[in-house]
Amino acid sequence: MERKNLFEQVGSEEALKLLKEGNKRYLNNQPSGNHDPAGVRAGLASKGQVPFAVILGCADSRVPPEIIFDAGAGQLFVVRTAGNVADKVAVGSIEFAVEQLKARLIVVLGHDKCGAVAAAISGGDFGPNLTAIISEIKPSVDKLREFEKDENFLAKCEDENISNTVEKLKKSDILGKYLADGSLEITGAKYDLESGVVTYIESL
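In this text, all values refer to a predicted model and were calculated from it rather than measured experimentally.

Thresholds, definitions, all that
- Residues numbered from 1 in each chain as written.
- Predicted model: local features only at pLDDT ≥ 70, side-chain atom pairs only at ≥ 80, totals over all residues.
- Heavy atoms only, no water.
- Salt bridge = Lys/Arg side-chain N within 4 Å of Asp/Glu carboxyl O.
- Helix = DSSP H or I, 4+ residues; strand = E, 2+ residues; numbered from the N terminus.
- Buried < 20%, exposed > 50% of the residue type's maximum accessible area, 1.4 Å probe, protein only.
- Patch = residues over 30% accessible without salt bridge, like charges linked within 9 Å, V, L, I, M, F, W, Y side chains within 5 Å.
- Areas by Shrake-Rupley, 256 points an atom, 1.4 Å probe, with all protein chains shown as cover.
- Pairing = 2+ DSSP bridges.
- Axes fitted to C-alpha atoms, helices over the stretch in contact; angles between N-to-C directions.
- Contact = heavy atoms within 4.5 Å.
- Core = buried A, V, L, I, M, F, W, Y, C linked by side-chain atoms within 4.5 Å.
- Expected span 1.5 Å × (residues − 1).
- Bend = angle between axes of the 7 residues up to and from the residue.
- Parallel < 35°, antiparallel > 145°, perpendicular 65-115°, else oblique.
- Left-handed = near helix turned anticlockwise from the far one by under 90°.
- Phe/Tyr/Trp six-rings, centres within 6.5 Å; stacked < 30°, edge-to-face > 60°.
- Lys NZ or Arg CZ within 6 Å of the ring centre and 35° of its normal.

### A word on the pattern of salt bridges
Applying the stated criterion across every chain yields a total of 13 salt bridges. Note that Asp70 is salt-bridged to Arg25, the shortest N-O span being 2.5 Å. Here Asp70 is found in the loop between α3 (65-68) and β2 (76-81), whereas its partner Arg25 is found in helix α1 (residues 12-27), with 45 residues between them in sequence. On the basis of relative accessible area, Arg25 is assigned to the buried category, the value being 14%. When the shortest N-O distance is used, the salt bridge between Glu136 and Lys168 registers 3.0 Å. Linking Glu136 in helix α6 (residues 127-143) with Lys168 in helix α7 (residues 153-170), this pair joins segments that are 32 residues apart in sequence. The exposure class of Glu136 is partly exposed, given its relative accessible area of 32%. What you see here is one network of salt bridges that share partners, running through Lys138, Asp142, Arg145 and Glu148.

This is how it looks when you write it as structure tokens:
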């Protein structure tokens, strides 16, 4: 399944299918080959953008959404922060994509071996800016402290952080309007660094 028209709005269910099919192509090393910038640049410049999904992903260089979902220019509205945290700037950017660009699916994309989550677990002095990121993740870690001796503690905290970010986005007044009428869906997902597989934590 591929998106045929970059300028048609896509519903949340179809958008999720497009992401899943794109990840399959990536895993099978069978890219669609329809991402030639020279072929789409002029249209995107003159007609604007209608991204079919919003990805709030981690800034980790190993997790590039356009590559792992085999999506070219004009397809995804990507917001990336360390630890895929939703600060005010990130939430505002996502609200813009939903309200102005008509995107109807938001995916909070985390991954395994996340350094930001690991830092929230270990604690320490990271300076004011990194501490602002850690403070967004820390509630997820604190909630699971009883499992700290578990060998999968980092993975549990990563999952909890993704879910907490999803819940935070759902509290947005602007996003809430579209959630209420059923036109918008928000889901969590996790990327496996070794396999390349994207697993959805909260499936539609």
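Right, picking up where we left off after that structure.
### Considerations on a nonpolar patch on the surface
Taken together, the side chains of Tyr26, Leu27, Ile67 and Val197 present a nonpolar region at the surface, about 310 Å² in accessible area. You can call Tyr26 partly exposed: its relative accessible area is 30%.

### A word on the sheet that holds strand β5 (residues 198-200)
Read across the sheet, 5 strands follow the order β2-β1-β3-β4-β5 without closing on themselves; strand pairing throughout is mixed. With one partner strand each, in any of the chains shown, β2 and β5 form the two edges of the open sheet. Ignoring strand direction, the axes of neighbouring strands in this sheet form an average angle of 25 degrees. Pairing of strand β1 (residues 53-58) with strand β3 (residues 105-111) involves 4 bridges; the strand directions are parallel. Its bridge partner lying in β3, Gly57 is registered against Leu109. Helix α4 (residues 88-99) rests against β1, β2 and β3 of the sheet, and its axis sits at about 175 degrees to β2.

### Some details on the nonpolar core
In terms of nonpolar packing, the biggest core is built from 21 residues, with Leu56, Ile94, Ile106, Leu169 and Leu175 touching the most fellow members. Contributing elements (two or more residues each) for this core: β1, β2, α4, β3, α7 and α8 (173-180). The leading source of residues in this core is α4, at 5 residues. Dropping the residues within four chain positions of it, Leu56 is found in contact with Val79, Thr81, Asn84, Val85, Ala86, Ala90, Ile94, Val107, Val108, Leu109, Thr165 and Leu169.

### Brief notes about the side chain of Asn23
Mapped onto the secondary structure, Asn23 falls in helix α1. If sequence neighbours within four positions are ignored, Asn23 has contacts with Ile68, Phe69, Gly196, Val197 and Val198.

### As for α6
With 17 residues, α6 extends 24 Å from end C-alpha to end C-alpha; this agrees with the ideal 24 Å at 1.5 Å per step. Of all the bends in α6, the greatest reaches close to 40 degrees and is centred on Ile137; the proline Pro139 follows between one and four positions later. Of all the residues in α6, the buried ones are Ile134, Ile137, Ser140 and Val141. Packed against the buried residues of α6 are α5 (115-122) and α7.

### Remarks on the packing of α5 against α6
As a packed pair, α5 and α6 sit with axes 9 Å apart at the nearest point and diverge in direction by 70 degrees. As the angle between them shows, α5 and α6 are arranged roughly perpendicular. As for the relative orientation of α5 and α6, their crossing is right-handed in sense. In contact with Ala116, Val117, Ala119, Ala120 and Ile121 of α5, α6 contributes Ile134, Ile137, Lys138 and Val141.

### Concerning the packing of aromatic side chains
Under the counting rule described, the total for this entry stands at 1 aromatic pair. When the ring of Phe77 is compared with that of Phe96, the centres are 6.3 Å apart and the planes differ by 50 degrees; the resulting orientation is tilted. Residue Phe77 is found in strand β2, and its partner Phe96 is found in helix α4; the two are separated by 19 residues along the sequence. Owing to a relative accessible area of 15%, Phe77 belongs among the buried residues under this scheme. For Lys20, the ring lying beneath its charged end belongs to Tyr200, and the centroid distance is 5.3 Å. Over the face of the ring belonging to Phe147 we find Lys156, whose NZ or CZ atom lies 5.6 Å from the ring centre.

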